[in-house]
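Understanding the architecture of this molecule
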Amino acid sequence: MRRKVKFISRMIWRDNKNLLPISLLQVPLRVFLPWVQIFLTRTLVEGIEKHYPISRYVAELCCIFLLQIILNAVKEWMTATAEWDSKLLVHSMLTPLDRKTLTTDYGNVEGMEGQRLRQKALHAVYSFGQSVITAGISFMVNLCGLLLYGLTVGDCSAAVLVIVTVTTLGEYFVSIQLHRYEQKQKETLADCDRKMKYLENEGIFLQSAREIRLYDMSLMLTDLYRESMDRRKKSTDQIENRKAFTYSAEGLLALVRSLAIYFYFIYLVMEGQLSTGNFVLMAGMAAGFSTWLKDLIGNIGEFRRLAPYLDDYFLWLDMPEKMQKEEFYDIPPLEDGPELIFEHIHFRYEGKNKDTLKDISFVVNPGEKIAIVGENGAGKTTFVKLLTGLYSPDSGRIFLNGEDITKYHSGFYIRQLAVVFQDIFLLPMDIAGNVSSQTASRRDKKKVEQSLMSAGIYDKIQKLPKGIFTPMQKSVREDGIDLSGGEQQKVILAKAIYKGGAILVLDEPTAALDPIAENDIYKKYNLLTQGMTSFFVSHRLSSTIFCDKIILLDHGRIAEMGTHKELLEKQGKYWEMFRLQSQYYTENAKDGHE
């Protein structure tokens with residue numbers, strides 16, 4: 001815990017050195033302000049009782065009012081500054097969290113455990129960062145106020161101090177019971193809100209809206225929404241009933257405390273042991289002591305609530321890196337496609353009870369074009385994750401020009417790769433930014449244009465009003481454009497060309513396109529990547545006929561390997577799949593002509 005507190009303290013001091021002095025100045029100010037209000041009331045009563053001259057009366061009141069106005073103004077300024085500092089702390093805490101997300105092992109980001117820890121860390125940032133500064137200032141204020149008011153009241157009457165303390169602790173106890181009950185109901189409320197939010201989103205989402213209308217699902221969705229709403233209302237009503245009981249108990253304890261305070265101090269006034277003005281002062285101080293005590297206990301509870309958030313934050317930051325090693329070294333520049341050797345590769349995802357890839361072994365000669373084919377779930381995408389260094393094999397090794405790739409720093413290895421995945425990732429920024437993956441000041445405009453030309457989409461882009469600086473994704477940018485699936489693939493192709501690299505990996509990027517369009521795209525890649533060592537991943541066998549070697553995966557193993565001609569001659573699983581797919585496309589073509 002000491003390391004965590006030191007880390008946060010250093011972060012606060014680094015990003016805002018004014019926070020500490022401003023926080024410390026708030027303490028005497030916020031303790032003194034309530035006392036000024038009490039003293040003002042005492043002065044009013046004492047002036048009336050002692051028949052002060054009107055000039056003195058007005059002068060004293062004006063001075064107190066002026067002091068109060070000045071102190072309130074300074075307090076509001078300091079409070080606003082502290083709130084802003086809390087927001088700065090949130091941003092400061094997000095920086096290492098985001099850096100971890102962007103640089104950690106891919107397995108930490110994709111795995112369920114990593115996703116869970118990162119989500120908890122994000123929640124911790126906003127829960128802890130927005131509250132800890134305010135809670136810290138409040139704790140110091142309440143502690144100082146409690147000591148000052150407690151000593152004053154205790155000096156007058158220890159009995160009153162005991163009564164105030166006991167009743168205040170009683171109020172805190174019943175409020176804690178309410179809080180615990182609300183925590184028990186939180187899961188129910190969260191579950192209902194989650195379901196209702198899902199139904200709200202699905203109801204307005206364009207694609208779902210079509211399904212809802214065509215299948216007449218509105219009544220079913222309305223009933224599901226109403227069911228969650230009724231369940232939420234029942235839980236909320238139970239909480240409100242418990243609140244009513246708790247507030248009644250707190251009110252009763254507050255009444256007992258007030259009666260004890262006033263009866264005792266009235267008795268002292270009647271006995272001549274206390275002036276009327278001091279009666280007002282002591283009653284106010286006793287009530288103030290109760291408030292300070294209640295708030296201080298609340299602060300302690302708040303710190304106990306915030307402490308687990310700090311643990312959650314560091315659980316993500318401290319999540320171990322399996323692929324980061326000190327002995328990494330750089331890859332020599334690769335001008336041509338390298339040789340790759342896969343040696344008895346086994347891999348199993350976290351939480352699974354069997355391997356996804358089993359004993360994968362083969363050699364890729366420099367500049368060869370390799371097709372990785374197989375049915376869905378055969379292990380093709382997992383193989384790509386290992387090839388691209390996103391995961392490390394559980395056993396076995398991958399060699400690049402004779403060196404184990406785990407010896408290279410992932411950043412240097414990734415620079416040798418041009419990878420296109422199945423899911424198209426285009427940001428709502430201009431086309432030049434999407435192609436270059438760089439900010440405007442760092443991108444090469446000529447290289448962007450040449451890449452778009454090579455991809456065969458430059459002519460269309462050039463006709464747009466802003467050319468390569470046209471924003472993408474119309475749903476986010478009003479002046480943006482939405483490209484067709486084939487056009488988006490060409491932008492992705494331009495992105496791969498811009499990045500360059502000695503190894504090309506295509507992980508079914510055209511799965512959403514028809515077979516003819518996919519075949520055209522793959523041929524385009526083939527022509528543009530001469531000399532590169534290339535991997536073409538697809539479940540459509542006809543798109544990868546041109547490859548030098550075809551590897552058929554089946555249930556995580558290499559079922560067959562060879563050229564297209566060799567595999568057809570074997571008349572094994574590849575031949576059977578190719579025959580079925582060819583028959584399917586032939587029948588579809590006939591149906592289309594009919």
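The coordinates are above.
Values in this document were obtained by computation on a predicted structure and should not be read as measured data.

**Side note on a nonpolar patch on the surface**
- On the surface, Leu252, Leu255, Val256, Leu259, Tyr262, Phe263, Ile266 and Met270 cluster together into a nonpolar patch covering about 840 Å² of accessible area.
- You can see Phe263 is positioned in helix 9 (residues 218–270).

**A look at the nonpolar core**
- With 51 residues, the main nonpolar core has Met93, Phe128, Phe265 and Tyr313 as its most contacted residues.
- Breaking this core down by element, the ones donating at least two residues are helix 1 (2–15), helix 2 (19–50), helix 3 (54–103), helix 5 (112–129), helix 6 (132–156), helix 7 (158–204), helix 9 and helix 10 (276–317).
- For this core, the leading source of residues is helix 10, giving 19 residues.
- Here Phe265 is in contact with Cys156, Val160, Leu274, Phe279, Met282, Ala283 and Ala286, once residues within four sequence places are set aside.
- The next biggest cluster of nonpolar side chains, apart from the first, holds 39 residues, and it includes Ala432, Leu464, Leu504 and Phe536.

**As for the sheet that holds strand 6 (residues 417–420)**
- As summarised here, the arrangement of the 6 strands in space is 6-7-8-3-9-10, forming an open sheet in which the pairing is mixed. Strands at the two margins of the open sheet, each flanked by one partner only, are strand 6 and strand 10 (557–562). Neighbour-to-neighbour, the strand axes of the sheet open up by a mean angle of 15 degrees, direction not taken into account.
- As paired strands, strand 3 (residues 369–373) and strand 9 (residues 549–554) are joined by 4 bridges and run parallel to one another. When the sheet's bridge partners are listed, Ala371 is paired in strand 9 with Ile550.
- Its contacts with the sheet put helix 11 (residues 380–387) on strand 3, strand 7 (503–507), strand 8 (533–538) and strand 9, and the angle it makes with strand 8 is roughly 155 degrees.

Conventions adopted
Residues numbered from 1 in each chain as written. Predicted model: local features only at pLDDT ≥ 70, side-chain atom pairs only at ≥ 80, totals over all residues. Heavy atoms only, no water. Patch = residues over 30% accessible without salt bridge, like charges linked within 9 Å, V, L, I, M, F, W, Y side chains within 5 Å. Areas by Shrake-Rupley, 256 points an atom, 1.4 Å probe, with all protein chains shown as cover. Salt bridge = Lys/Arg side-chain N within 4 Å of Asp/Glu carboxyl O. Helix = DSSP H or I, 4+ residues; strand = E, 2+ residues; numbered from the N terminus. Core = buried A, V, L, I, M, F, W, Y, C linked by side-chain atoms within 4.5 Å. Buried < 20%, exposed > 50% of the residue type's maximum accessible area, 1.4 Å probe, protein only. Contact = heavy atoms within 4.5 Å. Pairing = 2+ DSSP bridges. Axes fitted to C-alpha atoms, helices over the stretch in contact; angles between N-to-C directions.

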